[in-house]
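Chain by chain, the residues run as shown.
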2 protein chains.
Amino acid sequence: MKIVCLGSGNVASHLTAAFKGAGMEIVQVWSRNLSHADTLAASLNTQAIADLKLVDKNADLYLIAVKDDAIKDVAFSLFGVQGLVVHTSGATSIDVLKGLAQYGVLYPLQTFSKHKDLNLSGTPFCLEASSEEGFNLMQQLGSAIGAAIYRIDSEQRKILHLAAVFACNFSNHLYHLANTVLASNNLKFDLLRPLIMETALKVQHDVPIKVQTGPAVR
Amino acid sequence: MKIVCLGSGNVASHLTAAFKGAGMEIVQVWSRNLSHADTLAASLNTQAIADLKLVDKNADLYLIAVKDDAIKDVAFSLFGVQGLVVHTSGATSIDVLKGLAQYGVLYPLQTFSKHKDLNLSGTPFCLEASSEEGFNLMQQLGSAIGAAIYRIDSEQRKILHLAAVFACNFSNHLYHLANTVLASNNLKFDLLRPLIMETALKVQHDVPIKVQTGPAVR
């Protein structure tokens, strides 16, 4: 499978590394910023481009992993390609890609950090496609890296994204508030780390309402 | 070390199991409810009591692990004992034990579930004592089970407890809200579990402000 990656951020980096590891061919990395494209392309041993006109027209998959508000512009430049064009955004409808020959959404429901390796095995891949053929291609790709495949339409994905912001970003913000209070009282964040870990572990095999214990209950 | 446990809930159960595992002798379990005392005492192969007048006066440590508003009553019944009397509450001052010969606080900063085993190794033990001798006894006990020992006074503990409620209970409540939204849209909580896990993992070796990524940033 030949893949062109459009974007060079955390999502682009983690996905392309995993896909390459599973034997896919990343033929190009595009970024508006050539040095960003270069860095990622070098790690994948492939070509970096900063001009959308240079995109290879014969890839099987075009993976758009850019900021939400840039998806439309990137997609527009791909009009005419026959490969499957997908974006990776939780908060963006599939309709932004309408007009392309084949299109879809590959939303990996995970938090990606620049400097932290992540095994993508088990990561939910929330897929939506304009055709069954497109869906199958993404399913094949996800299965190759051990992702958990879900069929999620744009309406559901909007809700899922909201839930993810609650569970991930708001929780992390709470950790940050806790750390701020601790730091201003000369207390180490280390004190809270085991509790944070256990709180997340507890809901891996149970639902949150059943495991509400800890400080607030005592 | 001879220990009397006053209380039979999650904290009492996990601590006594760990202490017994490290070779300490749990000589009695008290609970206002005899059948609760019986259940825990049976698992520890020791005596259950429901009458505070029957408490063994010759223990080295009296571990009070009851609801915050019951600590004072239990402590009052222990007046006259020479062993170290400690409570395990994050939100209660050490002063509630004033008048006892030796007293202190052993606040294990972790969330304990009834039906989930927990390795207490690495759990922060936040200790405060009326004497160095008392502190050393708790330190010895904590070290025996691999706990991380911290000296935390009552003022600091109040702040720490607040931070723990933010990081643990509020986060779990966010997980619950997310699950509610998902469930009412026929989406599985499984979709969020890897994200929740990774969000907690990320702050184990970094501070929260540095790792704020994920859905909300994209």
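Structural notes, computed from the coordinates. As the structure is a computational prediction, the values presented were derived from the model and not from experiment.

Residue and element names in this part refer to chain A. An order of β3-β2-β1-β4-β5-β6-β7-β8 is seen for the eight strands of this open sheet, with the pairing classed as mixed. Sheet topology places β3 (47–49) and β8 (148–151) at the edges, where each strand pairs with a single neighbour. Within this sheet the neighbouring strands show an average axis-to-axis angle of 25°, counted without direction. Relative to the sheet, helix α2 (residues 34–44) contacts β2 (25–30) and β3, its axis offset from that of β3 by approximately 165°. Where helix α5 (residues 154–183) meets the sheet, its contacts fall on β5 (84–87), β6 (102–108), β7 (124–129) and β8, and the angle it forms with β6 comes to roughly 20°.

A separate point is the pairing of β5 of chain A. Residues in a regular strand project their side chains so that they alternate between the two faces of the sheet. Residue and element names in this part refer to chain A. Side chains of β5 alternate between two faces, with Leu-84 and Val-86 and Val-85 and His-87 buried alike. As judged from the four bridges shared by strand β4 (residues 61–64) and β5, these two strands associate in the parallel manner. In the sheet register, Tyr-62 faces β5, and the bridge partner there is Val-85. What joins β4 to β5 is helix α3 (residues 71–76), and the crossover it makes is right-handed.

Now for the nonpolar core. Counting residues in each nonpolar core, the largest one holds 92 residues, and the members touching the most others are Leu-6 and Leu-192 of chain A together with Leu-6 and Leu-192 of chain B. Other than its neighbours up to four places away in sequence, Leu-6 of chain B contacts Trp-30, Leu-52, Val-55, Tyr-62, Leu-63, Ile-64, Ala-65, Val-66, Val-74 and Leu-78 of chain B. If you look at the next biggest cluster of nonpolar residues, it comprises 31 residues, including Ile-3, Leu-15, Leu-44 and Leu-127 of chain B.

Between the two copies of the chain lies a rotation about an axis combined with a shift along it. The two copies are related by a screw motion: chain A maps onto chain B through a turn of 180° and a shift of 0.0 Å along the axis, at an RMSD of 0.0 Å. Taken together, the turn and the small shift mark the pair as related by a two-fold rotation axis. For chain A, the minimum C-alpha distance to the rotation axis belongs to Ser-171 of chain A and amounts to 2.6 Å. In this assembly the copies share their binding face: 100% of the residues contributing to the interface of chain A also contribute to that of chain B.

Under the defined criterion, the tally for this structure stands at six aromatic pairs over all chains. Geometrically, the ring pair formed by Phe-76 of chain A and Phe-79 of chain A is tilted, given 5.5 Å between the ring centres and 40° between the ring planes. Using a relative accessible area of 62% as the deciding quantity, one classes Phe-76 of chain A as exposed. Accessibility expressed as a relative area gives 40% for Phe-79 of chain A, which makes it partly exposed. Between the aromatic rings of Phe-166 of chain B and Phe-170 of chain B, the centroid separation amounts to 5.0 Å while the plane-to-plane angle is 40°, which identifies the pairing as tilted.

What follows covers helix α1 (residues 10–21) of chain B. Residues and elements named next belong to chain B. The first and last C-alpha atoms of α1 sit 17 Å apart over 12 residues, in line with the 16 Å expected at 1.5 Å per residue. Taken residue by residue, α1 has Val-11, Ala-12, His-14, Leu-15, Thr-16, Ala-18 and Phe-19 as its buried positions. Immediately beyond the C-terminal end of α1, within one or two residues, lies Gly-23, with a positive phi of roughly 95°.

With that settled, the discussion passes to the side chain of Thr-88 of chain B. Along the polypeptide, Thr-88 of chain B turns up in the loop between β5 (84–87) and β6 (102–108). For Thr-88 of chain B, the side chain forms a polar contact with the main-chain oxygen of Ile-64 of chain B, separated by 3.2 Å.

Cut-offs applied
- Residues numbered from 1 in each chain as written.
- Chains lettered and ligands numbered in written order.
- Predicted model: local features only at pLDDT ≥ 70, side-chain atom pairs only at ≥ 80, totals over all residues.
- Heavy atoms only, no water.
- Pairing = 2+ DSSP bridges.
- Helix = DSSP H or I, 4+ residues; strand = E, 2+ residues; numbered from the N terminus.
- Axes fitted to C-alpha atoms, helices over the stretch in contact; angles between N-to-C directions.
- Contact = heavy atoms within 4.5 Å.
- Buried < 20%, exposed > 50% of the residue type's maximum accessible area, 1.4 Å probe, protein only.
- Right-handed = clockwise from strand over helix to strand, strands pointing away.
- Core = buried A, V, L, I, M, F, W, Y, C linked by side-chain atoms within 4.5 Å.
- Least-squares fit on C-alpha atoms with pLDDT ≥ 70 in both.
- Phe/Tyr/Trp six-rings, centres within 6.5 Å; stacked < 30°, edge-to-face > 60°.
- Expected span 1.5 Å × (residues − 1).
- Polar contact = N/O pair within 3.5 Å; in protein donor to acceptor, adjacent residues only side chain to side chain.

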